[in-house]
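# Residue-level structure breakdown
Residues per chain, in single letters:
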Amino acid sequence: MSKGGKGKSVKKKKGASDHKQVHYKLVLSESCRVCKTPCAKGMNYLARMQEPGAVGKGVPCILTRTYG
């Protein structure tokens, strides 16, 4: 008798490198201020940057999502 896999299909698991990576652009408060479709994350960031002495490095914009 031979060990043949008749009728059975074996699916190979995808490795971590096979998944699509999502990338977002970092935008500053000025970009959020003039955005045509404001989001909650951007509006919260804009409100924080309005306070005196606030220092920000940007927020990931969900509208600039790309897959790499």
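Read on for a plain summary of the structure. Being a predicted model, the structure only gives us computed values, none of them experimental.

## Comments concerning the overall build of the protein chain
Secondary structure assignment for the protein chain yields two helices and two strands. When the helices and strands of the protein chain are listed from N to C terminus, the series reads β-α-α-β. Among the 68 residues that make up the protein chain, the fraction classed as buried is 12%. Across the protein chain, every contact between residues at least 6 apart in sequence was considered, and the portion connecting residues at least 24 apart equals 64%.

## With respect to the nonpolar core
By size, the foremost hydrophobic cluster in this structure holds five residues: V27, C32, Y45, V59 and C61. If near-sequence neighbours (up to four positions away) are discounted, C32 is found in contact with V27, G42, M43 and V59.

## Topic: the side chain of S29
Within the secondary structure, S29 is located in helix α1 (residues 29-33). Under the relative-accessibility criterion, S29 is labelled buried at 14%. Excluding its chain neighbours within four sequence positions, the residues that come into contact with S29 are Y45, L46 and M49.

## Regarding the packing of aromatic side chains
Following the criterion strictly, the structure yields zero aromatic pairs and no others. Of note, K20 hangs over the ring of Y67, and the distance from its end group to the ring centre comes to 5.9 Å.

## Quick word on helix α2 (residues 40-49)
Restricting attention to buried positions, one finds in α2 the residues G42, Y45 and L46. All buried residues of α2 fall inside an arc of 100 degrees around its axis, so they share one side. Where α2 is buried, its residues touch β1 (22-27), α1 and β2 (59-67).

## Looking at the state of the cysteines
The full count for this structure, using the stated rule, is zero disulfides. For C61, which is in no disulfide, the shortest distance to another cysteine sulfur is to C35 and amounts to 5.9 Å. On the basis of relative accessibility, which here comes to 13%, the residue C61 falls in the buried class.

What counts, and where the lines are drawn
Residues numbered from 1 in each chain as written. Predicted model: local features only at pLDDT ≥ 70, side-chain atom pairs only at ≥ 80, totals over all residues. Heavy atoms only, no water. Helix = DSSP H or I, 4+ residues; strand = E, 2+ residues; numbered from the N terminus. Buried < 20%, exposed > 50% of the residue type's maximum accessible area, 1.4 Å probe, protein only. Contact = heavy atoms within 4.5 Å. Core = buried A, V, L, I, M, F, W, Y, C linked by side-chain atoms within 4.5 Å. Phe/Tyr/Trp six-rings, centres within 6.5 Å; stacked < 30°, edge-to-face > 60°. Lys NZ or Arg CZ within 6 Å of the ring centre and 35° of its normal. Arc of directions from axis to C-beta. Disulfide = S-S within 2.5 Å.

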